[in-house]
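Commentary on secondary and tertiary structure
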Amino acid sequence: MRQLSALDAQFLHAESATTAAHLAGVAILDAARSPGGAVTRDDVIRLLRERLHLVPALRLRLAEVPFGLDRPYWTEAAGLDVADHVHEVVLPLPGDESQLADEITRIHERRLDRSRPLWEMHLIQGLSGGRAALYTKVHHCAVDGMSGAEILACLLDLTSEIRPVPAPEPPGPPPPAPDPAEMLAVAVARSVSHPARALRSLGRLAADLDAIPLLGALPAARTVAAAARLIIGGDAGLPEMPPLVAPPTPFNGPISARRRFSYGALPLSEVKRVARTFGLSVNDVVMTLCASALRSWLRERDVLPAEPLVAAVPVAVRTAGARGGAEAGAGVGVGNRLSAMIAPLATDVACPLERLRVTGEAMRRAKRRFAAAPATWLDELSAVLPAPVTAVATPAVFRLASIVLPPINLIVSNVPGPQFPLYLCGARVLGYYPMSVLTDMTGGVNITCFSYDGSLGFGVLACPDRVADVWRLMGHLQEAMDELAELAGTADTHPAPPAAPVAAADPPVAVADTVAVTDTDTDAAPSVTVADPVTVPAAPAAADPVPDPVTVPDTATAPIPVTVAVPTPA
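Residues numbered from 1 in each chain as written. Predicted model: local features only at pLDDT ≥ 70, side-chain atom pairs only at ≥ 80, totals over all residues. Heavy atoms only, no water.

Below, the discussion takes up helix α1 (residues 6-13). Among the 8 residues of α1, 8 are classified as buried, and the element is accordingly described as predominantly covered. Taken together, the buried positions of α1 are occupied by Ala 6, Leu 7, Asp 8, Ala 9, Gln 10, Phe 11, Leu 12 and His 13. Buried-residue contacts for α1 involve β1 (2-3), β3 (60-63), β7 (131-139), β10 (338-345), α11 (377-383) and α12 (387-404). (Buried < 20%, exposed > 50% of the residue type's maximum accessible area, 1.4 Å probe, protein only. Helix = DSSP H or I, 4+ residues; strand = E, 2+ residues; numbered from the N terminus. Contact = heavy atoms within 4.5 Å.)

Next up, the structure:
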């Protein structure tokens, strides 16, 4: 058995009556043009049964330690039938985007059953134009954004022909059931040694003190962090982070269990054109789009703060050995390997061109800091308190923080995907839109995007008590893209006089022996394993001068490769 890490367990503890901690995404399928003329629930079940051995995260369930004295363990789910996890629903006419979003919202609000493997799939029929949608959710304790994308890749094909995959090795004897007495003995031993581990975590936390939201604004944060890095042998001369305090906004405060979802796609070629024109990265442009959309939404309601909003940007730090769980056996590829950069969103800047410049500078500073010393404060913070205390205290702490002083305003995630079409059950995937987690502490709105086949798909998830008109935010994202595209066109027509050369990119980030964290700035797609052992090689890199060295993920699914008209809510 493999025990959940402190960070994995934190996603379990964060769940409450108002928080469901699963990642999700919806794939839009061109079902009517598939070889069979439709995609059925039986098709999905058949595909899962053929490829379940490639996806360890879907085969495992939690084994709780008696009395909650330690973090749970993963164990193989005996007698697993994937049919119990696959559901089907048909939308009423006309089957438009708004109806799909409403149905997805209802499914997303429901928490997963912890007595079973922590995942579900819902095939949604009746979309206009002969389309269908496959909504997938997996608990965040089992996957992060990148491993969620790998799960999806195992189910996809390069053509409408469903490729056979090597059969799994004959199963050996079933693994023994978790022994409660053994788990209790380990829990007692860990409790005895916990104070020493907590002190080490506090030391490493102190080294990142100036990069932790809210704490980094304390007067002596930089001095304490530099001293701690000297003591533990780190680099005391890291780039300084600006003190960031999240201003009050309608996004922040206690949330309810209700959710609203909107989605849409922007042309990736336009995003790249803006990035090239102004010497920035794709991720810089994405962050500017989010800042512009949020600024417009806040201004409409006359609640725009004078200070910039503060966003957490999840960053994958998954090692090569931790990827591709299909090849490495159970447990590998399961769990979270992520950290976070904290960055200001230039919502306080009125000029869109200046907002783009300020955002680029802020992101470059954050990336240089992360490249020099990848932050581990998420893991260390999760490990400070004993597991029984963390399990009880987390929901209350999150609730209190949302009322007193939220550390951030929201989470913005960007997951790179392949830039060529893929197929599921013979149907072409037209788009893929991701969804992430809302908590009291991280705010009542989350923006996640996923690049696929020439489009940048956005999923906006919100609590309606905080953001009632979530489609309006999606509309503001489209308006922000139009604004930047017009600025780029003007710059192309009337180039500025020569200026001092600007560094095209930071050096590649190497996090210990982590996988190189990279953005979607070039046309080269990341290598994607499709129905193992078929490997899709990376496409040749285009002459794009703005490669971005940081992957920013924390969701798992998402977009239609054309701009989606934003429906007007009834």
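This paragraph deals with the nonpolar core. Judged by nonpolar contacts, the single largest core of 74 residues is most densely connected at Leu 100, Phe 261, Leu 289, Leu 410 and Phe 458. The element best represented in this core is helix α8 (residues 282-300), accounting for 11 residues. (Core = buried A, V, L, I, M, F, W, Y, C linked by side-chain atoms within 4.5 Å.)

Quick look at the environment of Met 183 now. Of note, Met 183 is situated in helix α5 (residues 180-207). Under the relative-accessibility criterion, Met 183 is labelled buried at 5%. In sequence terms Met 183 and Pro 66 are 117 residues apart; their C-alpha atoms lie 7.7 Å from each other. Aside from chain neighbours lying at most four places away, what touches Met 183 is Met 1, Ala 63, Glu 64, Val 65, Pro 66, Tyr 73 and Pro 178.

All right, on to unusual backbone geometry then. At the junction of Leu 93 and Pro 94, the peptide bond is cis and its omega measures out at 10° in the coordinates. Looking at the element boundaries, Pro 94 is found in the loop between β5 (86-90) and α3 (97-109). Not every positive phi belongs to a glycine, and Cys 425 is a case in point at roughly 55°. Tracing the chain through its elements places Cys 425 in the loop between β12 (423-424) and β13 (427-435). With a phi close to 50°, Asp 453 is a non-glycine residue in the positive phi region. Following the sequence through the fold, Asp 453 ends up in the loop between β14 (445-452) and β15 (455-462).

The subject of this paragraph is the sheet that holds β5. The strand order across the open sheet built from 6 strands is β5-β6-β7-β2-β13-β12, with neighbouring strands paired in mixed fashion. Lying at the two open borders of the sheet, with one neighbouring strand each, are β5 and β12. Sheet topology places β5 next to strand β6 (residues 119-127); 5 bridges connect them, and they run parallel. From the neighbouring strand, Val 86 faces β6, where its bridge partner is Met 121. Strand contacts of helix α2 (residues 41-51): β5, β6, β7 and β12, with the helix running at about 160° to β5, the strand carrying the most contacts. (Pairing = 2+ DSSP bridges. Axes fitted to C-alpha atoms, helices over the stretch in contact; angles between N-to-C directions.)

Strand order in the open sheet formed by 6 strands is β8-β15-β14-β11-β9-β10, and the pairing between neighbours is mixed. Only two strands of the sheet have a single neighbouring strand rather than two, namely β8 (260-267) and β10. For this sheet the average axis-to-axis angle between neighbouring strands, irrespective of direction, equals 20°. Sheet topology places β14 next to β15; 8 bridges connect them, and they run antiparallel. Within the sheet, the bridge partner assigned to Cys 449 lies in β15 and is Phe 458. The strands touched by helix α7 (residues 268-277) are β8, β14 and β15; relative to β8, the strand with the most contacts, the crossing angle is about 65°.

In the structure shown here, the tally under the stated rule is 5 aromatic pairs. Taking the centre distance of 5.2 Å and the plane angle of 35° together, the rings of Phe 251 and Trp 297 count as tilted. Taken together, the positions of Phe 251 in the loop between α6 (221-231) and β8 and Trp 297 in helix α8 put the pair 46 residues apart, joining distant regions of the chain. For the pair Phe 251 and Trp 297, one class covers both residues: buried. Here the aromatic residues Phe 261, Tyr 263, Tyr 433 and Trp 471 are joined through ring pairs into a cluster of three or more. (Phe/Tyr/Trp six-rings, centres within 6.5 Å; stacked < 30°, edge-to-face > 60°.)

Our next topic: the packing of α5 against α6. Remark: α5 packs on α6, axes separated minimally by 7 Å, with the N-to-C direction vectors making an angle of 125°. Classified by the angle their axes make, α5 and α6 are oblique. Counted together, Gly 203, Ala 206 and Ala 207 of α5 and Val 224, Ala 225, Ala 228 and Arg 229 of α6 form the full contact between these two elements. Taken together, the residues of the contact of α5 with α6 break down into 5 nonpolar, 1 polar and 1 charged. (Parallel < 35°, antiparallel > 145°, perpendicular 65-115°, else oblique. Nonpolar A, V, L, I, M, F, W, Y, C, P; charged D, E, K, R; others polar.)

For the rest of this paragraph, the subject is the pairing of β10. When you tally the buried positions in β10, you get 8 out of 8 residues, the bulk of the element. Of the two faces of β10, the one holding Leu 338, Ala 340, Ile 342 and Pro 344 and the one holding Ser 339, Met 341, Ala 343 and Leu 345 are both buried throughout. Sheet topology places strand β9 (residues 309-316) next to β10; 8 bridges connect them, and they run antiparallel. Across the sheet, Ala 316 pairs through a bridge with Leu 338, a residue of β10.

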